[in-house]
Amino acid sequence: MHQDSGVHTNRLWKGLVPAALLALVAGCGADPGPQESSPTDLPPGETTGPVASRPPSPPSEEPPATAVPEPVEPGPQAGSWFHRFGGPQDDSGTGLAVDGLGNISVVWLSTPREDDDRESVPGQRRGLSVAQYSPDGTERWVRDFSRMRVASPNVAASPSGDLFLSGNAFLYPLDFGLGAATDGFVVKFSGEGQPLWQRRAGQKVYGMAADGEGGVLVVAEEWTPEGHVPVLAHYDAQGAFVWTRQLDLVAEGTELHAVALAPSSRTLLAGRLVGTLTVDGRAFGAEGGQGLVLLAFEKDGSLAWGRDWRGVDGHVTGLKLNPDGGAVLVGGFRDTLPWGDTRLSGPGAFVVAADPDGAERWAHPLDCGAASAPPVVAVDDVGQVVALCGGTLSAYAPEGTQRDQRLLSPGECPEGDCPVMGTALGIVPGQGVTLAGYQRHGGAGAGNAWDQEAFLRLLTP
């Protein structure tokens, strides 16, 4: 479907979100078992090479999870596609990114089963894989890397098609063809999947956002004898610093991990703050307390503005920008979360929106089911929001009205019992919603012999 104007895009999205979600009627929302986690936990850290993809299962005829006048027919969703990746070991999709041409890149991990206290199986392996698909689901390339240990791999894509991979290599280095990558690393690949350069970003790297000129912004952390120091680093297309700055030493438990980059090159950084943090003479947080913080930096790295929400026991796991420069955040919290005129009661997960100056817009609790991966979020070019928490996908209008909510069904499930967990989310302009995560196959009768495979799928109107 051709995208020729903002009005057309808006019309497309109004149809796209409900139709895509209707395709996700309750299928396998069951508890995935041993990897159960709370909305504030990180997703499973480790997982293999690709296996042959299989066509999607016919749409379920079960009733939708929320009240809808009439279920839509599946015909308009014919462009949807589904790919499975993996082998005999545990495989988990951990990140995806969409470039300016609509190509979708996905990263997944492969982990031997005994890492989860299960029996080993022949042929299992440990690896990190990156693949790219065109909007119609055609494989463009796959890169498979052997590894020892790595955590939190993620990808970001520039409008021109450059791809960035980040992660944390602990104990053992990784080799992407450019020498040893250690600690928190970021690697740039060409649009054809060839490694171009790599950098050590810190002791650990937590998030990144690609700019419009072939560079990337990274949020990381250095460890000193006194404690942890948050780091922001903006690299240009050749890997040189545009700017970088270290913030003050932060108290244990601080997690400034979510980052976004506006077209104006203004940077937004959000997360959990324990104690206080002073940035360019401004103090945030409270001594001995905890809360959430949202900071905006100018393109030279100086502080533009900041807001904090003291007394909130929570985490920010996703941050995206609205077209007007406002922010949408997702995460988990305990107790309560006051946001403007809304007061959310926990424990649970949240999606909230803020103005370009950080003022509160709207807030909603997220339904994550009995078990979940950390919430993630995507925003389209007119400001409509899709949030993914565990096995539940939720959609919101730009002004915050909830439009739909659905449980993820498996892309295929010949066993009849395939719990699904979503871990990454994106929007392919003019096409639909793309998701990554993992499915478990084998059913309840398999005991610990179930097989976990990563997936990538596209849902179209």
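Above this note sits the structure.
Predicted, not measured: the structure shown is a model, and the values here were computed from it.

(A) Representation of the side chain of Glu222 in the model. Relative to the assigned elements, Glu222 resides in strand 11 (residues 216-224). Of the polar contacts made by the side chain of Glu222, one reaches the backbone nitrogen of Gln203; its length is 3.4 Å. Dropping the residues within four chain positions of it, Glu222 is found in contact with Arg200, Gly202, Gln203, Gly227, His228, Val229, Val231 and Gln246.

(B) Broad picture of the sheet that holds strand 3 (residues 104-111). The four strands lie next to each other as 2-3-4-5, forming an open sheet whose pairing is antiparallel. Among the strands making up the open sheet, the edge pair consists of strand 2 (90-98) and strand 5 (139-146). Averaged over all adjacent pairs, the angle separating strand axes in this sheet is 15°, with direction ignored. When strand 3 meets strand 4 (residues 127-133), the two strands line up antiparallel, connected through seven bridges. Residue Ile104 lies in a different strand from strand 4, and its bridge partner there is Tyr133.

(C) The arrangement of the state of the cysteines in detail. One pass over the full model with this rule turns up two disulfides. Between Cys368 and Cys389 runs a disulfide, and the two sulfur atoms are separated by 1.9 Å. Negative torsions about the S-S bond denote left-handed disulfides, and the value of about 90° found for Cys368 with Cys389 makes this one right-handed. A residue pair is termed long-range when its members are at least 10 positions apart, and Cys368 in the loop between strand 23 (360-366) and strand 24 (376-379) and Cys389 in strand 25 (residues 385-389) qualify at 21 residues.

(D) Representation of the pairing of strand 24 in the model. Neither face of strand 24 is left uncovered, since the one carrying Val376 and Ala378 and the one carrying Val377 and Val379 both have all their residues buried. As judged from the four bridges shared by strand 24 and strand 25, these two strands associate in the antiparallel manner. By the bridge assignment for strand 25, Ala378 is matched with Val386. Between strand 24 and strand 25, which pair antiparallel in sequence order, lie five residues; one of them, Gly383, sits at a positive phi of approximately 95°.

(E) Structural context of the nonpolar core. Ranked by internal contacts, the top residues of the largest apolar core, which has 24 residues, are Leu294, Leu319, Leu329, Leu337 and Phe350. At the level of secondary structure, the elements contributing two or more residues to this core comprise strand 14 (255-261), strand 15 (267-279), strand 16 (282-297), strand 17 (303-310), strand 18 (313-321), strand 19 (327-334), strand 20 (336-339) and strand 22 (348-354). The residues contacting Leu337, other than those within four sequence positions of it, are Leu292, Val312, Thr342, Arg343, Leu344, Phe350 and Val352.

(F) Geometry of the sheet that holds strand 18. Reading across from one edge, 18-19-22-23 is the order of the four strands in this open sheet, with antiparallel pairing throughout. Here the strands that pair on one side only, and so sit at the sheet edges, are strand 18 and strand 23. Direction aside, neighbouring strands of the sheet carry axes that sit 20° apart on average. Pairing of strand 18 with strand 19, which is carried by eight bridges, proceeds in the antiparallel orientation. Along strand 19, the bridge assignment pairs Leu319 with Leu329.

Procedures and definitions
- Counting from 1, residues in each chain are numbered in the order their sequence is written.
- Note on the predicted model: pLDDT of at least 70 is required for a residue's local features to be given, and 80 or more for side-chain atom pairs to be given and counted; whole-chain, interface and lining totals, by contrast, use all residues.
- No hydrogens and no water enter the side-chain calculation; it runs on all heavy atoms of the structure.
- A run of H or I in DSSP counts as a helix once it spans at least four residues, and a run of E counts as a strand once it spans at least two, with each numbered from the N terminus.
- Any N or O atom pair separated by 3.5 Å or less is treated as a polar contact, with the protein-specific requirement of one donor-capable and one acceptor-capable atom, and with residues adjacent in sequence counted only for side-chain atom pairs.
- Contacts are residue-level and defined by heavy atoms, with any inter-residue pair within 4.5 Å sufficient.
- Strand pairing is defined by DSSP finding a minimum of two bridges between the two strands.
- Each axis is a line fitted through C-alpha atoms, and for a helix only the stretch in contact is used; angles between axes span 0 to 180 degrees, taken between their N-to-C directions.
- Any pair of cysteine sulfurs within 2.5 Å is marked as a disulfide.
- Accessibility here uses a 1.4 Å probe with only protein chains present; expressed as a share of the type maximum, an area under 20% marks a residue as buried, one over 50% as exposed, and anything in between as partly exposed.
- Working definition of a nonpolar core: buried Ala, Val, Leu, Ile, Met, Phe, Trp, Tyr and Cys residues. They are joined through side-chain atoms within 4.5 Å.

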